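Structural overview
Spelled out from the first residue to the last, the chains are:
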Amino acid sequence: MKIIMLGAPGAGKGTQAKMLAAKYDIPHISTGDIFRANIKNGTELGAKAKEYMDKGLLVPDELVVDLIMDRFQADDCKNGYILDGFPRTIPQAEALDKALAAVGESIDYAINVEVPDENIVNRMSGRRACVGCGATYHIKYSPTKVEGKCDTCGADLIIRDDDKPETVLNRLNVYHEQTQPLIDFYSAKGVMKEVDGTVDMNDVFDAIVAILGE
Ligand code: ADP
Ligand code: ADP
Ligand code: ZN
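Here goes a summary of the coordinates provided. Here the structure is a predicted model, which is why all the values come from computation and not from measurement.

Looking at the zinc ion (ligand 3), one finds its protein donor set to be Cys-130 (SG), Cys-133 (SG), Cys-150 (SG) and Cys-153 (SG), positioned 2.3 to 2.4 Å from the metal centre. The coordination sphere of the zinc ion (ligand 3) comprises four donor atoms, whose angles at the metal cover 96 to 117°; the geometry is tetrahedral. Counting residues between consecutive donors of the zinc ion (ligand 3) along the chain gives the motif C-x2-C-x16-C-x2-C. For Cys-150, a relative accessible area of 5% corresponds to the buried category. Look at Cys-153 and you get partly exposed, because its relative accessible area is 40%.

Below you can see the structure in the form of structure tokens.
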């Protein structure tokens with residue numbers, strides 16, 4: 001099963017993608033996580049990506065597309081995957097389409113997690129990320145047992161550089177201009193499904209499972 005998660009920054013794509021990956025036993029591929037790992041490891045790609053990420057802008061398509069095409073070659077992708085944060089532009093979606101068509105494949109579902117802009121800043125200001133394992137929490141909606149420490153690995157939690165309110169507003173604009181058109185793109189292919197992302201995260205999950213099947 002090949003699934004794309006769509007939605008505004010902070011809509012809950014990553015949260016749902018992690019739960020779905022565990023349920024269906026397919027990898028969760030997050031381009032944001034891949035870039036953050038590259039930044040942490042001091043790679044050339046990381047340095048390039050950071051310039052854009054810190055401003056709330058998208059990393060140029062050619063950097064993202066090569067990276068993701070490489071990732072699909074890995075053995076764990078043979079039964080499908082959940083894409084979180086890719087594609088984010090029409091050219092990225094077209095590149096993905098072309099690569100899949102070349103091997104006789106296509107995307108099964110694009111899931112749009114719908115959350116209005118008014119809720120997004122609140123979501124993002126409370127988001128906390130684990131520096132150790134990458135787990136995501138929210139100070140109000142998904143708090144850790146011990147404040148500031150990851151439940152899974154015990155490492156410290158941080159606020160992402162790009163989750164500052166002024167950067168979040170830029171990211172929302174970028175989302176509306178460059179990523180939202182993908183909803184029409186995947187609707188035209190007949191694979192677009194929408195879920196309400198404002199309800200409890202377990203209810204969002206149940207709604208997605210109802211679409212994908214047990
Ligand atoms: P969010 O939590 O907003 O969905 P991500 O972790 O997916 O954020 O992405 C963080 C940043 O990484 C983006 O704002 C963008 O700069 C960069 N990025 C991630 N995926 C892509 C992509 N497919 N195309 C371009 N830039 C990307
Ligand atoms: P995205 O990957 O779309 O940027 P995340 O999955 O990182 O979004 O979620 C953004 C923040 O909102 C995180 O702090 C997360 O814990 C929280 N969150 C996710 N889903 C929900 C939900 N349904 N209700 C409330 N908070 C949520
Ligand atoms: Zn952790």
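With respect to topology, three strands assemble into an open sheet ordered E6-E5-E7, the strand pairing being antiparallel. The open sheet is flanked by strand E6 (136-138) and strand E7 (157-158), the only strands paired with a single partner. Set on the sheet, helix H6 (residues 117-125) makes contact with strand E5 (127-130) and E6; between it and E5 the angle comes to about 40°.

This next bit is on unusual backbone geometry. Residue Pro-87 is reached from Phe-86 by a cis peptide bond, and omega for that bond is -5°. Inspection of the secondary structure assignment puts Pro-87 in the loop between strand E3 (81-84) and helix H5 (90-102). Look at Asp-25: it is not a glycine, yet its phi comes out positive at around 55°. With respect to the element layout, Asp-25 can be found in the loop between helix H1 (13-24) and strand E2 (28-30).

What follows is about the site of ligand 1. Near ligand 1, the surroundings consist of 19 residues, among which Thr-31, Leu-57, Gly-85, Gln-92 and Arg-171 are the closest. One of the side-chain N or O atoms of Gln-92 is found 2.9 Å from a nitrogen atom in ligand 1. Separating an oxygen atom of ligand 1 from a side-chain N or O atom of Arg-127 is a distance of 3.1 Å. Out of a free accessible area of 550 Å², ligand 1 has 97% covered by protein chains. Of all the elements, helix H2 (residues 31-40) adds the most residues to the shell around ligand 1, at four residues.

Not every one of the 19 residues close to ligand 2 is listed here, only the nearest: Gly-10, Thr-15, Arg-127, Tyr-137 and Val-199. Separating a nitrogen atom of ligand 2 from a side-chain N or O atom of Arg-123 is a distance of 3.4 Å. In the environment of ligand 2, a nitrogen atom lies 3.4 Å from a nitrogen or oxygen atom belonging to the backbone of Met-201. Summarising the interface, the protein chains cover 93% of the accessible area of ligand 2, which totals 560 Å² for the free molecule. Looking at side-chain class alone, the shell around ligand 2 contains eight nonpolar, seven polar and four charged residues.

This part covers the packing of helix H4 (residues 61-72) against H5. Between two packed helices, what matters for the description is the angle formed by their axes and the separation of those axes. Between H4 and H5, the shortest axis-to-axis distance is 10 Å and the interhelical angle comes to 30°. With respect to H5, the axis of H4 lies roughly parallel. Of the two elements, H4 crosses H5, and the hand of that crossing is right-handed. Along the contact surface, H4 presents Asp-61, Val-64, Val-65, Met-69 and Phe-72, while H5 presents Pro-91, Gln-92, Ala-95, Leu-96 and Ala-99. When the residues that make up the contact of H4 with H5 are grouped by side-chain class, the tally is eight nonpolar, one polar and one charged.

Pairing is parallel in the open sheet, where five strands are placed in the order E2-E3-E1-E4-E8. What marks the edges here is a single partner per strand, and that holds for E2 and strand E8 (192-196). On average, adjacent strands in this sheet sit at an angle of 25° to one another, irrespective of strand direction. In this structure, strand E1 (residues 2-6) lies alongside E3, joined through four bridges in parallel fashion. The residue of E3 that forms the bridge with Met-5 is Asp-84. Against the sheet, H1 makes contact with E1, E2 and E3, and its axis sits at roughly 170° relative to E3, the strand it touches most.

What counts as what
Residues numbered from 1 in each chain as written. Chains lettered and ligands numbered in written order. Predicted model: local features only at pLDDT ≥ 70, side-chain atom pairs only at ≥ 80, totals over all residues. Heavy atoms only, no water. Donors = N, O, S within 2.8 Å, 3.2 Å for Na, K, Ca; no water. Tetrahedral: all angles 85-135°; square planar, octahedral: opposite > 155°, others 65-115°. Buried < 20%, exposed > 50% of the residue type's maximum accessible area, 1.4 Å probe, protein only. Pairing = 2+ DSSP bridges. Helix = DSSP H or I, 4+ residues; strand = E, 2+ residues; numbered from the N terminus. Contact = heavy atoms within 4.5 Å. Axes fitted to C-alpha atoms, helices over the stretch in contact; angles between N-to-C directions. Near = heavy atom within 4 Å. Polar contact = N/O pair within 3.5 Å; in protein donor to acceptor, adjacent residues only side chain to side chain. Areas by Shrake-Rupley, 256 points an atom, 1.4 Å probe, with all protein chains shown as cover. Nonpolar A, V, L, I, M, F, W, Y, C, P; charged D, E, K, R; others polar. Parallel < 35°, antiparallel > 145°, perpendicular 65-115°, else oblique. Left-handed = near helix turned anticlockwise from the far one by under 90°.

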